Each structure stands twice: as C-alpha cells, then as structure tokens.
Amino acid sequence: MNAPIEPAVQLRDLRKHYGGGSDVTALAGVSVDFPAGSFTAVMGPSGSGKSTLLHCAAGLDEPTSGTVALVGVPLAGRNETELTRLRRDHVAFVFQSYNLMPALTVWQNVTLPALLAGRRPDKEWTRQVIERVGLGERMGHRPGELSGGQQQRVAIARALASRSAVVFADEPTGALDTTTAREVLHLLTQIARMGQTVVMVTHDPVAASYADSALFLVDGQIVRHLANPTAKAVADELAGLAPRPQAAPHEAAAYDSAGYRAHVGRHAMTAGVQEGTARR
Ligand SMILES: Nc1ncnc2c1ncn2[C@@H]1O[C@H](COP(=O)(O)OP(=O)(O)O)[C@@H](O)[C@H]1O
Ligand SMILES: [Mg+2]
C-alpha cells in the first residue's frame with residue numbers, strides 16, 4: 001500500500017568545510033529527505049549554513065563529505081558536464097543575487113532554461129507565471145530597466161516556468177513588498193501542490209508559514225523541525241534559537257527518521273502530478 005517513493009532530494013551526513021585562511025565548518029552533518037511535492041522552509045541565523053546547504057543540495061557546490069541524491073540520482077563522482085545536465089533537467093535555483101542575463105528581455109530570461117534544455121517553452125504557463133509575479137506589463141524589458149525587487153521576480157518566474165522537479169530559492173521574498181511576496185509564496189505553494197519540490201531559505205516567519213514544514217539550522221546542523229509551521233510558532237522558535245549553543249545530535253536524528261516519514265505519507269498522493277490538476 002505504502003510503496004516507498006523516492007525523495008526529490010536526499011542528503012546524508014552532509015558536511016562542508018572551508019579550509020584555507022577561514023577554516024569554517026558550514027555544514028556539520030546534515031541528513032534530511034525532501035519528499036516530492038513538499039515545500040520546506042530553511043531557517044536559521046546568518047552564517048548557519050543555509051545557502052551552503054542549498055548549493056550542495058543543488059549540485060552547485062561540492063560537499064566535503066556525505067552524499068546528495070537528486071531525483072534518485074547520486075551526485076557523487078559525476079563530472080561537471082553530468083552535473084550541469086542533471087541541474088538543467090531537474091533543478092531551478094533562485095539565487096540571492098538574481099543571475100539574470102542582462103542582454104535578454106524578461107520573457108527571454110524566463111524561457112531560457114527550457115530552450116537550453118532543448119524543450120519548447122510552454123507559452124501559456126510562462127505568461128501566467130510572469131503575470132502572477134506582477135511583470136505582465138514588462139515582458140519586453142531588460143533587467144537593467146527593472147528595480148531590484150522586479151529583477152528578483154523575474155528570477156522567481158524563471159524558476160517556476162521551468163517546471164523543474166526541485167526549486168531551490170534563497171530568500172526569494174527578501175526584496176519584495178508584502179503583496180508581491182504573498183503572490184510569490186502562493187505560487188510556490190501551488191507548484192508544490194502540483195508535485196514540484198520547493199526548498200526555500202527565508203528569515204521571515206510569515207513566509208515560512210506558507211511551507212508545509214520548517215527546518216532550523218544552527219552552526220551547520222538541523223536543530224529543529226516544525227510540521228505545518230505557523231508564523232507564531234516559527235517566530236517563537238527563532239527567538240529561542242539565539243541562546244542555544246548547538247544541537248544535541250539525537251535531535252537531528254530523531255527529526256530525520258520520524259518527521260519526514262510522516263511527511264512522505266502525506267505527499268505520496270501528489271507526487272509525480274506535474275500539471276493539469278492545480279491550475280485553478
Ligand atoms: N566560499 C566560502 N569560503 C569560506 N567560508 C564560507 C564560504 N561560503 C560560506 N562560508 C562560511 O560558511 C558559513 C555558512 O555560510 P552560509 O551557508 O552562507 O550561511 P547562511 O546562508 O546561513 O547565512 C559562514 O560562516 C560563512 O562565512
Ligand atoms: Mg545565505
């Protein structure tokens with residue numbers, strides 16, 4: 001009955017150490033599954049390893065040790081060409097710095113990943129996504145003609161339009177006004193309901209409340225997991241994090257085995273449903 005489904009992203013004992021002059025441990029043993037169709041908020045103080053976690057999970061950065069599997073494919077031992085292909089086919093990333101192509105228009109930026117992957121862009125969905133992020137009137141503009149918040153919305157539209165299995169977003173609503181942020185968060189919940197997996201770093205408890213679970217990182221370790229987080233529960237948790245020196249190792253382990261298993265069950269119904277059901 002409960003056939004095991006492959007998590008969209010699986011991290012096992014992920015560690016990242018920066019040597020050289022800095023000698024920093026950015027990730028200190030992170031194990032977690034992100035089931036297909038889940039929407040997870042990653043939270044934690046500045047410097048706790050959130051961006052590093054996203055970059056390693058997306059195959060943009062190599063962990064010092066531990067393993068990453070994306071849509072069931074282990075990343076270890078793959079060369080740059082293979083990694084590029086895997087990312088192109090399965091991953092969309094909204095960077096803190098938007099990474100738009102300055103010479104291309106909004107429309108061209110948003111449809112570029114599909115073209116690079118040899119797919120024909122879905123014009124209707126692309127138009128919908130661009131309109132939903134509030135840029136319907138600016139499809140022919142170039143990034144240089146847009147504000148920072150507008151550029152971020154282009155980056156978000158680009159990630160959503162691609163319909164990748166996994167969307168990683170590093171503080172996607174940080175530069176947006178409340179109304180646009182809400183629209184973007186609603187879009188993220190919608191694409192997760194359609195079967196895409198969303199992993200979003202945010203500082204904002206309200207943004208995190210749109211996710212169906214929230215992870216809290218401190219010093220490169222997962223110290224807490226909240227299922228169905230409310231803004232208040234998240235804010236309380238964040239307030240309590242500051243004095244906590246470090247996670248007890250058993251907490252992360254307990255979270256890993258129990259928390260997400262319930263989650264997988266909950267999402268098994270929607271996994272794999274890519275489109276057609278949730279465009280309401
Ligand atoms: N390229 C790098 N070289 C050295 N240290 C780094 C590098 N990238 C991140 N770090 C360090 O790793 C830790 C985690 O960084 P990061 O993942 O960016 O945290 P967050 O996104 O939670 O603010 C920080 O101490 C940061 O200074
Ligand atoms: Mg960061």
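Residues numbered from 1 in each chain as written. Chains lettered and ligands numbered in written order. Predicted model: local features only at pLDDT ≥ 70, side-chain atom pairs only at ≥ 80, totals over all residues.

Once that is clear, we can look at the overall build of the protein chain. Scanning the protein chain from N- to C-terminus turns up nine helices and 10 strands. Long-range pairs, those at least 24 residues apart, make up 72% of the contacts in the protein chain with a sequence separation of at least 6. (Helix = DSSP H or I, 4+ residues; strand = E, 2+ residues; numbered from the N terminus. Contact = placed C-beta atoms within 7 Å.)

Let us look at the sheet that holds strand β8 (residues 197-201). Adjacent strands of a sheet form backbone hydrogen bonds with each other and so pair up, either parallel or antiparallel. Reading across the sheet, the six strands line up as β6-β7-β8-β3-β9-β10 and stay open at both edges, with mixed pairing between neighbours. The open sheet has two free edges, formed respectively by β6 (91-94) and β10 (221-227), since each of these has just one partner strand. Here the average twist between neighbouring strands, direction ignored, is 15°. Pairing between strand β9 (residues 213-218) and β10: six bridges, direction antiparallel. Its bridge partner lying in β10, L217 is registered against I222. (Pairing = 2+ DSSP bridges. Axes fitted to C-alpha atoms, helices over the stretch in contact; angles between N-to-C directions.)

Moving on: the pairing of strand β2 (residues 24-35). Across nine bridges, the pairing between strand β1 (residues 7-18) and β2 is antiparallel. Residue pairing across strands places Y18 opposite V24, the latter belonging to β2. Here β1 folds back onto β2 in antiparallel fashion, the turn holding five residues, of which G20 has a positive phi close to 65°.

Lining the immediate surroundings of ligand 1 are Y18, S22, V24, A26, G44, S46, G47, S48, G49, K50, S51 and T52. Listed by contribution, the elements that provide at least two residues to the shell around ligand 1 are β2 and α1 (50-57). The leading source of residues in the shell around ligand 1 is α1, at three residues. Here the residues of the shell around ligand 1 sort into three nonpolar, eight polar and one charged. (Near = placed C-beta within 6 Å. Nonpolar A, V, L, I, M, F, W, Y, C, P; charged D, E, K, R; others polar.)

Here the focus is unusual backbone geometry. The bulk of non-glycine residues show a negative phi, and the bulk of peptide bonds are trans. Positive phi outside glycine occurs at D13, with the angle close to 45°. Note on placement: D13 falls in strand β1. Despite not being glycine, D23 has its phi angle at roughly 55°, a positive value. Inspection of the secondary structure puts D23 in the loop between β1 and β2. Take D23: there are 8 C-beta atoms within 10 Å of it, and that puts it in the exposed class. (Buried ≥ 20, exposed ≤ 12 C-beta atoms within 10 Å, placed from the backbone.)

For helix α6 (residues 178-193), built from 16 residues, the straight-helix expectation of 22 Å at 1.5 Å per residue is met to within 8% by its first-to-last C-alpha distance of 22 Å. Those residues of α6 that are buried are in contact with β3 (39-43), α4 (123-132), α5 (148-161), β7 (166-170), β8 and α7 (205-208). Phi for G195, located one or two positions after α6, is positive at around 110°. (Expected span 1.5 Å × (residues − 1).)

Here we take up the nonpolar core. Within the largest apolar cluster, 71 residues are counted, with the highest numbers of intra-cluster contacts made by A157, F168, L188 and V199. If we ignore the near neighbours within four places in the chain, the residues touching A157 are V110, V129, I130, V133 and L135. (Core = buried A, V, L, I, M, F, W, Y, C linked by C-beta atoms within 7 Å.)

This brings us to the sheet that holds strand β5 (residues 73-74). Ordered by their spatial adjacency, four strands build an open sheet running β2-β1-β4-β5, and the pairing between neighbours is antiparallel. Because the sheet does not close on itself, it has two edges, and the strands there are β2 and β5. Sheet topology note: the strand β4 (residues 65-70)/β5 ladder contains two bridges and is antiparallel. The residue bridging L70 from the neighbouring strand is V73, located in β5.

Packing of α4 against α5 leaves a shortest axis separation of 9 Å and a crossing angle of 150°. Classified by the interaxial angle, the pair formed by α4 and α5 is roughly antiparallel. The way α4 lies across α5 gives a crossing that is right-handed. Taken together, the residues of α5 that come into contact with α4 (itself represented by W125, T126, V129 and I130) are A157, L160 and A161. Classifying every residue of the contact of α4 with α5 gives six nonpolar, one polar and no charged. (Parallel < 35°, antiparallel > 145°, perpendicular 65-115°, else oblique. Left-handed = near helix turned anticlockwise from the far one by under 90°.)

Attention now moves to the environment of T67. Along the polypeptide, T67 turns up in strand β4. T67 sits 11 residues away from C56 along the chain, and the two C-alpha atoms are 9.4 Å apart. Apart from residues no more than four positions distant in its own chain, T67 is found in contact with R12, P74 and A76.

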